Amino acid sequence: MSLSLRIRLALKLCWREWKAGELTILLVALLIAISSHTAIGFFTDRIEKAMTYKAGDMVGGDLVIHSSRPLKASGSESWQSRANAAQLLHTTVHFFSSVVLHGEEMLLVSVKAVGDNYPLKASLKTSTSAYGEGQTTRNGPPTGEAWVDARILNDLSMEVGQALTLGAVTLTVSRVLIFEPDRGGSMYSFTPRVMMHKGDLARAEVIQEGSRVDYHTLLSGESDAIAEFKNWMTPQLEPGQKIITPGEQQPTVGGALTRAQRFMGLASLIAVLLAAVAIAVSAKHYSARHFDASAILRCLGCKQNDLMFIYLFQMLLIALVGSILGIALGWSAQFILLYLLKDLLPEVVPAADWHAAWSGLGLGLVVLLGFTLPSVMRLRAVSPLRVLRKDLKPLPLSGWFVYGSALLIVIALMWFYTGSLILTLSVLGGAVLVFLLTLLLIALLFVLLEKSSGLLSLSMRAGLRNLLRRKGETLVQTLAFALTLMAMLVVIFIRTDLLNNWQQSLPDDAPNHFVINILPDKVPLFENYLREQQLVSSKIYPMSRGRLIEINGVPVKQAVTKEEKNNESLNRELNLTWSDTVQEENKILSGTWWQEGQVSDFPEVSIESRLAKKLGVKIGDRLTFFTGRQNWQAEVTSIRAVKWESFHPNFYFVFNPSSIEHLPATYMTSFYMAPEQKILLKDMVKAFPAITVFEMDAVLDQLKAIISQVIVAIEYVLLFVLAAGLMVTLAAVQASLDERLQEGALMRTLGAQRDLIRRSQWSEFGSMGLIAGIVAVLGTELVSFLASRYIFQADYSPLWWAWAFVPVAAALLLALLGTFSARKVLTKSPMLVLREGQ
Amino acid sequence: MNSKQNNNKNTRILEAQGVEKVVTLGQETIRILEPINLAIKAGQSLAIVGKSGSGKSTLLGLLAGLDQPSAGSIHLAGHALTDLDEDQRASVRAQYVGFVFQSFQLMPNLTALENVMLPLELLDEDKPQQRAMEMLNHVGLSHRLKHYPKQLSGGEQQRVAVARAFVTRPALLFADEPTGNLDRATGSRIADLLFQLNEENNTTLVLVTHDPSLAARCELEITIDGGRLAACGVSETDMPPQALGQEGLQ
């Protein structure tokens with residue numbers, strides 16, 4: 001057969017199949033898989049681009065040194081003279097949190113104090129009014145002025161030209177900040193920006209010794225000179241200092257967003273796999289329906305390869321059409337995702353490139369061809385003799401081949417999604433276990449149903465018989481639907497239940513404000529102030545910054561396991577404190593706490609239990625810390641369990657007072673302030689200009705808002721999963737439709753009324769949905785129990801609402817879908833069915 | 001007349017020698033056809049009759065090259081079917097053979113016209129649509145061109161099948177119970193059509209039937225019983241017997 005004839009015939013047959021509705025499910029299932037994949041792909045791509053956009057500009061220079069202390073002269077040569085000699089431009093930017101006031105209003109802000117030659121690279125964009133048109137400037141605010149985020153004007157009910165107070169200094173707000181090149185990772189910070197000139201810092205009196213300030217030293221110049229400077233500087237870095245060069249910095253995306261992206265990726269994978277199941281079921285049915293046509297074609301002289309070409313061409317066509325439509329749909333769907341997450345994203349999100357589209361196309365081909373090929377290959381093997389003997393079916397392909405190739409494709413897909421083979425195999429192992437357990441449970445419930453069928457009416461019994469007769473297919477459908485529901489329930493439950501649980505676990509008067517940077521000489525005054533204002537507070541703790549560098553004399557990064565090398569606690573300065581007594585709500589798990597007032601020969605330290613476990617630290621181990629300019633050791637004498645979510649001051653390391661009280665420190669505490677007392681904050685900040693107050697209630701509300709936004713986005717993605725899950729049912733109903741039509745026609749011929757058949761269909765699909773619902777809620781309960789117990793350490797409470805609602809809703813949904821897709825059984829004339837079935 | 005037609009009345013268009021069919025079901029070996037020899041010349045018509053399950057459809061399948069015999073050889077239009085693989089046999093079928101089946105076997109998703117065009121297209125012949133329309137017109141279905149099989153009555157479907165079978169003017173036409181699913185009157189019209197076209201195109205006709213009147217219209221008739229050639233006879237026509245028989249009569 002010539003190629004053009006093959007193509008013409010394939011196109012013609014494909015068009016006919018499409019018109020007859022034979023290809024709809026294949027196409028729609030593919031559409032769901034590809035649109036969910038590309039929507040997530042486009043979305044992730046745009047977010048990543050937004051993160052890495054102008055990496056150099058975002059870092060703010062060709063080289064940046066982050067430090068928690070001002071960079072000091074080192075050795076015989078200061079870094080400034082070295083930089084000047086290399087003709088590098090440089091400037092140091094100070095970052096710290098503080099509170100600004102305007103009239104009666106106050107606000108926690110993130111202050112950035114810049115010098116005259118800031119910014120070194122790129123430009124700032126500012127305007128003269130909130131949300132006004134942007135102008136580009138190559139310098140920061142002059143002394144006496146402040147440039148602020150538009151949000152500050154709103155929050156403080158002020159306008160450009162008015163003054164705000166920061167500590168002891170009053171600054172005129174002269175411009176609104178639209179874009180800072182080096183804002184980078186803080187894009188998602190909760191606190192709005194105030195940019196001021198460094199020259200005003202001393203007058204503001206907000207930075208004292210021990211205050212938490214981050215110093216970013218920006219350098220810019222010829223690349224050789226930068227590289228040389230970097231080589232010179234690197235060995236001189238002290239703990240708490242690091243060099244960043246553009247492109248090296250991992251864009252820091254908000255944790256919620258990263259997790260959401262991961263979750264969406266996983267949800268999309270589930271959608272793809274479920275769609276693949278629907279495709280495989282549909283392809284098997286397609287193949288079975290084409291045994292006759294293949295036999296006729298063979299009889300009329302078609303060769304095996306002609307047949308293979310015709311069918312593969314059709315599949316390829318569906319793959320292409322499905323993928324292209326899926327890509328278009330995915331492209332549109334990402335806008336909804338961006339909209340749902342708009343508050344978390346930067347204002348300008350660059351457009352996505354076509355990478356996701358290409359991978360969508362590739363995925364479409366792999367999924368469709370991969371999952372239909374075994375069925376199509378059977379068509380190739382149809383004997384032409386089938387025209388004479390209808391019972392002659394092509395030999396089924398080896399189960400090993402079919403399931404083996406499906407498994408390989410699944411592994412490849414998961415690998416593609418997770419980017420890690422080990423993760424893929426472990427997830428797959430877990431998934432197989434979940435599958436088997438769920439399958440077992442479903443099978444068990446079916447047995448129960450079967451046993452109790454004697455109690456049911458005729459129509460319900462007939463429905464159940466239908467269900468149980470197609471046991472294999474029924475199990476797969478129920479499994480797919482149950483897992484889909486479970487995924488959705490777990491997400492919903494995470495939002496409502498655990499958030500509520502967590503909130504309930506906090507007493508009403510739990511501290512909702514943290515205050516840090518209380519200067520040592522102001523501690524008694526501050527305590528007095530709290531008492532006068534009748535504010536319930538935690539104990540006041542000293543706080544000094546230091547770094548853990550060795551465990552038993554071994555550098556800490558060598559001493560810990562590979563997984564813990566990047567533990568956050570090893571990569572930043574920690575807040576160290578000392579105390580005579582164990583903190584509120586802390587529990588000593590092992591070792592002993594020192595006696596009050598006890599002076600020990602060797603410094604003693606108590607370590608938080610989870611960190612101890614991660615670092616492999618035991619009682620008696622000696623830890624080396626670096627604070628200020630010296631290293632010193634302490635022996636671990638106790639391990640504590642800490643309830644971090646109590647909102648009391650808590651620390652990884654607590655020392656015996658005699659060990660470290662000589663270190664420079666500021667003090668911190670937390671207190672409860674009712675909403676109506678908020679007005680007091682302003683007085684407090686006026687009275688103690690150096691302190692920084694963190695309004696945790698606002699942060700908590702913001703956190704909740706972010707979490708619910710992320711969850712809405714995830715739920716949106718789960719709609720794809722639900723659609724894919726329902727496609728499995730549709731595909732299965734379609735696959736059994738011929739048989740159902742025959743049975744329905746026979747029953748109607750024998751006098752069964754349509755109502756009886758309708759009721760039996762309702763009971764068939766309804767019980768499937770019911771069982772899927774029960775299994776889904778059971779699974780969710782298990783996840784909820786484990787999560788409450790081990791992750792959130794909250795009390796577990798059964799999901800009564802889910803029990804009351806989900807199984808019934810699932811039964812209704814499946815019954816509606818099933819009876820709708822099998823409606824022909826009721827509407828088609830029995831005579832026509834029996835005649836066609838001959 | 002089509003170039004593929006073999007007009008020489010003395011040419012053996014189909015010849016089977018020692019053809020037998022044995023199938024193994026688990027441990028059991030079932031002999032469906034005992035060794036059979038037969039030969040038929042171009043333009044003749046042969047009826048294969050016998051009870052249900054006697055093996056007559058099996059014989060038809062083997063003669064048409066739809067299946068391979070367990071032993072023996074079959075030559076169709078000079079091609080040794082038994083030496084060809086499935087694809088080569090498909091080529092031979094496309095070139096020389098037409099089929100009409102009891103259950104019509106039309107492509108359900110193609111219209112009447114497209115069903116008839118299909119074999120022409122498979123052979124890549126010119127003007128398939130025009131020729132198919134002519135053929136459908138010939139069988140009295142010019143008003144049903146755009147109808148799908150399920151929109152046609154049984155008799156109409158079988159007429160489409162006959163049109164499809166004859167449109168390529170095959171050298172040989174195999175028919176398996178062509179009137180089996182039809183009422184007497186419709187069956188009779190289909191039989192008329194078959195013999196008329198057989199006459200017009202000088203097509204060799206091999207048909208399996210239960211219907212004695214249909215068998216009687218064939219020049220030759222063989223009876224299969226329990227896989228054996230039970231009887232061979234000549235119909236009322238004055239054609240000499242073509243040496244049919246189990247013993248390889250020539």
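Described in the following lines is the structure provided in the data block. Every chain is numbered on its own, with residues counted from 1 as its sequence reads. Each chain gets a letter, beginning with A, and each ligand a number, beginning with 1, in the order they are written. Restriction of local features to residues with pLDDT of at least 70 applies here, the model being predicted, together with a cutoff of 80 or more for giving and counting side-chain atom pairs; totals for whole chains, interfaces and linings are based on all residues. In computing side-chain properties, one takes all heavy atoms of the structure into account and sets aside hydrogens as well as water.

1. Here we look at the packing of helix α10 (residues 304-340) of chain A against helix α11 (residues 355-380) of chain A
Residue and element names in this part refer to chain A.
Line of reasoning, step 1. Where helices are involved, their axes are fitted lines through C-alpha atoms of the stretch in contact, as for all axes, and angles between N-to-C directions lie from 0 to 180°. Starting at the N terminus, helices and strands are each numbered in turn, a helix being any DSSP run of H or I of at least four residues and a strand any DSSP run of E of at least two. The contact between α10 and α11 brings their axes to 8 Å, and the two run at 150°. Put simply, α10 runs roughly antiparallel to α11. Here α10 and α11 pass one another in a crossing that is right-handed.
Line of reasoning, step 2. All amino acids are sorted into three groups, where Ala, Val, Leu, Ile, Met, Phe, Trp, Tyr, Cys and Pro are nonpolar, Asp, Glu, Lys and Arg are charged, and the leftover types, Gly among them, are polar. A breakdown of the residues in the contact of α10 with α11 according to their chemical character gives 20 nonpolar, 6 polar and 1 charged. Convention used here: angles under 35 degrees read as roughly parallel, angles over 145 as roughly antiparallel, angles from 65 to 115 as roughly perpendicular, and any remaining angle as oblique. By definition, turning the near helix anticlockwise from the far helix through less than a right angle yields a left-handed crossing, and turning it clockwise yields a right-handed one.

2. Let's talk about the layout of surface pockets
All names here are of chain A.
Line of reasoning, step 1. A cavity here means a set of 1 Å grid points, computed over protein atoms only, where a 1.4 Å probe fits but cannot escape. A pocket is an open set with protein on both sides within 12 Å along at least 5 of 7 lines, and lining residues have an atom within 4 Å of a point. Grid points are joined across faces, edges and corners, and a volume is the space filled by probe spheres set on the points. Roughly 520 Å³ of volume is contained in the second largest pocket.
Line of reasoning, step 2. Lining the second largest pocket are 23 residues, with Arg 69, Glu 209, Gly 210, Gly 628 and Pro 664 sitting closest to its centre.
Line of reasoning, step 3. Per-element accounting of the lining of the second largest pocket gives the leading share, 3 residues, to strand β14 (residues 541-551).

3. A look at the pairing of β14 of chain A
All names here are of chain A.
Line of reasoning, step 1. Remark: exposure states derive from per-residue accessible area (1.4 Å probe, protein chains only) relative to the maximum for the residue type, with buried under 20%, exposed over 50%, and partly exposed in between. Across the 11 residues that make up β14, a large majority, 10, are buried.
Line of reasoning, step 2. Note: β14 against strand β22 (residues 666-672), 3 bridges, orientation antiparallel. Residue pairing for β22: Tyr 541 is matched across the bridge by Met 668.
Line of reasoning, step 3. When DSSP finds two or more bridges between two strands, those strands count as paired. Looking at chain direction, β14 and strand β16 (residues 574-578) are connected through 3 bridges and run antiparallel. If you follow Ser 544 over to β16, its bridge partner there is Leu 576.
Line of reasoning, step 4. Here β14 pairs with strand β19 (residues 622-627) via 4 bridges, running antiparallel. Along β19, the bridge assignment pairs Ile 551 with Leu 623.
Line of reasoning, step 5. Examined bridge by bridge, β14 and strand β15 (residues 554-555) share 2 bridges and lie antiparallel to one another. Residue pairing in the sheet places Ile 551 in a bridge with Val 554 of β15.
Line of reasoning, step 6. Between the end of β14 and the start of β15, which pair antiparallel, lie 2 residues, with Asn 552 showing a positive phi angle near 50°.

4. What to know about the pattern of salt bridges
Line of reasoning, step 1. The working definition used for a salt bridge is a side-chain nitrogen of Lys or Arg within 4 Å of a carboxyl oxygen of Asp or Glu. Throughout the structure, instances matching the rule amount to 24 salt bridges over all chains.
Line of reasoning, step 2. Where Arg 298 of chain A meets Glu 86 of chain B, a salt bridge forms, and the shortest distance between an N and an O atom there is 2.6 Å. Linking Arg 298 of chain A in helix α9 (residues 291-299) with Glu 86 of chain B in helix α2 (residues 86-96), this pair reaches from one chain into another.
Line of reasoning, step 3. Given the relative accessible area of 1%, Arg 298 of chain A is considered buried.
Line of reasoning, step 4. Glu 86 of chain B gets classed as buried once you look at its relative accessible area, which sits at 15%.
Line of reasoning, step 5. In this structure, Asp 755 of chain A engages Arg 759 of chain A in a salt bridge whose closest nitrogen and oxygen atoms are separated by 3.3 Å. Within this pair, Asp 755 of chain A and its partner Arg 759 of chain A are both found in helix α22 (residues 754-791), separated by 4 residues, close to a single helical turn.
Line of reasoning, step 6. Accessibility expressed as a relative area gives 37% for Asp 755 of chain A, which makes it partly exposed.
Line of reasoning, step 7. Through salt bridges with shared partners, a single network forms among Arg 298 of chain A together with Glu 86, Arg 89 and Arg 93 of chain B.

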